[in-house]
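Chain by chain, the residues run as shown.
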Amino acid sequence: MVGRQLGRLAGKVARAAKPLADKAKATDFARSLKDAYVEGRDGTADTNAAEPVAVDPADDTNAVAEALRSVDWAKVRAATAERTSDAAQRMKAMAAEVDWSRVQAGAAHVSSALIAAVASGQIPVGGRLAGPVARAIINDRDIAQRVSTSLQRTESQPPDFRGAIEATSRDAD
């Protein structure tokens, strides 16, 4: 009887602590995401140098889609082409946070593009854009899938960097 009650109590504590652990993990990821952007920027460490895209807190999807539309993909490809580059290592670290087996194809496409753009310093993740970008990368609340759908409607789909991320991960192992 006492053992069963202790078991139930332990289960309740674990379930109550899970959102706190998830929030802490998301906060750590957002912090590492911002650090990756700062490192990817061209030689400056001032996190306020680039103004983030204005974000309506109620519409993360539009903010992330707009950020992706403004990326110079040629610069991203150049920065991430060398598998031993700093950008490639940042891509690998961010990609480790994504559960790729649970992400739909469109969302994975968007997540990989966001990872590459942030790692190369093309998407500023300061201020209010950090949260939506971090949530889109891990497809929290299906944001990456909604961004993918939005971009497909406007025919402005970004390049898919899953191959580059996989190659970087294989080379580093």
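In what follows, the accompanying structure is described. Remember, predicted model here, so these are calculated numbers, not experimental data.

With that settled, the discussion passes to the overall build of the protein chain. From N to C terminus, the protein chain includes eight helices and zero strands. Listing every helix and strand of the protein chain by position from the N terminus yields α-α-α-α-α-α-α-α. For the protein chain, the residues scored as buried account for 41% of the 173 residues in total. Across the protein chain, contacts joining residues at least 24 apart in sequence account for 77% of those joining residues at least 6 apart. Roughly 9,600 Å² of accessible area belongs to the protein chain as shown, and the carbon and sulfur atoms make up 51% of that amount.

Quick look at the packing of helix α2 (residues 60-69) against helix α7 (residues 143-153) now. In contact at an axis separation of 9 Å, α2 and α7 are set at 60° when each is read in the N-to-C sense. The orientation of α2 with respect to α7, classified from their angle, is oblique. Both α2 and α7 take part in a crossing whose hand is right-handed. Of the residues in α7, those touching α2 at D60, T61, V64, A65, L68 and R69 are I143, R146, V147, S150 and L151. Its residues placed into classes, the contact of α2 with α7 shows six nonpolar, two polar and three charged.

Here the focus is unusual backbone geometry. Positive phi, close to 60°, is recorded for N139, a residue that is not glycine. For N139, the location among the structural elements is in the loop between α6 (130-137) and α7. Look at D142: it is not a glycine, yet its phi comes out positive at around 65°. With respect to the helices and strands, the residue D142 is situated in the loop between α6 and α7. Residue class for D142 comes out partly exposed when judged on its relative accessible area of 35%.

Within the secondary structure, S156 sits in the loop between α7 and α8 (162-172). It is 6.8 Å that separates the C-alpha atoms of S156 and R69, two residues lying 87 residues apart in sequence. In contact with S156, not counting residues within four places along its chain, are R69 and L151. A distance of 3.3 Å separates the side chain of S156 from the side chain of R69, its partner in a polar contact. At 2.8 Å, the side chain of S156 and the side chain of T154 are in polar contact.

Right, let's talk about the nonpolar core for a bit. Counting residues in hydrophobic clusters, the biggest one holds 36 residues, and the most contacted among them are L68, W73, L114, I115, I123, V133 and V147. Elements with a minimum of two residues in this core: α2, α3 (73-80), α4 (86-95), α5 (105-119), α6 and α7. Counting residues per element, this core draws most heavily on α5, at 10 residues. For W73, the contacting residues outside a window of four places in its chain are L68, A113, A117, P158, P159 and F161.

Take D86: it is sitting in helix α4. The exposed category is assigned to D86, whose relative accessible area is 59%. For the pair formed by D86 and A119, sequence separation is 33 residues and the distance between their alpha carbons is 8.2 Å.

As a further point, take the environment of R90. Summarising the element assignment, R90 is placed in helix α4. C-alpha of R90 to C-alpha of A116: the two residues are 26 residues apart in sequence and 8.5 Å apart in space.

The rules behind the values
- Residues numbered from 1 in each chain as written.
- Predicted model: local features only at pLDDT ≥ 70, side-chain atom pairs only at ≥ 80, totals over all residues.
- Heavy atoms only, no water.
- Helix = DSSP H or I, 4+ residues; strand = E, 2+ residues; numbered from the N terminus.
- Buried < 20%, exposed > 50% of the residue type's maximum accessible area, 1.4 Å probe, protein only.
- Contact = heavy atoms within 4.5 Å.
- Areas by Shrake-Rupley, 256 points an atom, 1.4 Å probe, with all protein chains shown as cover.
- Axes fitted to C-alpha atoms, helices over the stretch in contact; angles between N-to-C directions.
- Parallel < 35°, antiparallel > 145°, perpendicular 65-115°, else oblique.
- Left-handed = near helix turned anticlockwise from the far one by under 90°.
- Nonpolar A, V, L, I, M, F, W, Y, C, P; charged D, E, K, R; others polar.
- Polar contact = N/O pair within 3.5 Å; in protein donor to acceptor, adjacent residues only side chain to side chain.
- Core = buried A, V, L, I, M, F, W, Y, C linked by side-chain atoms within 4.5 Å.

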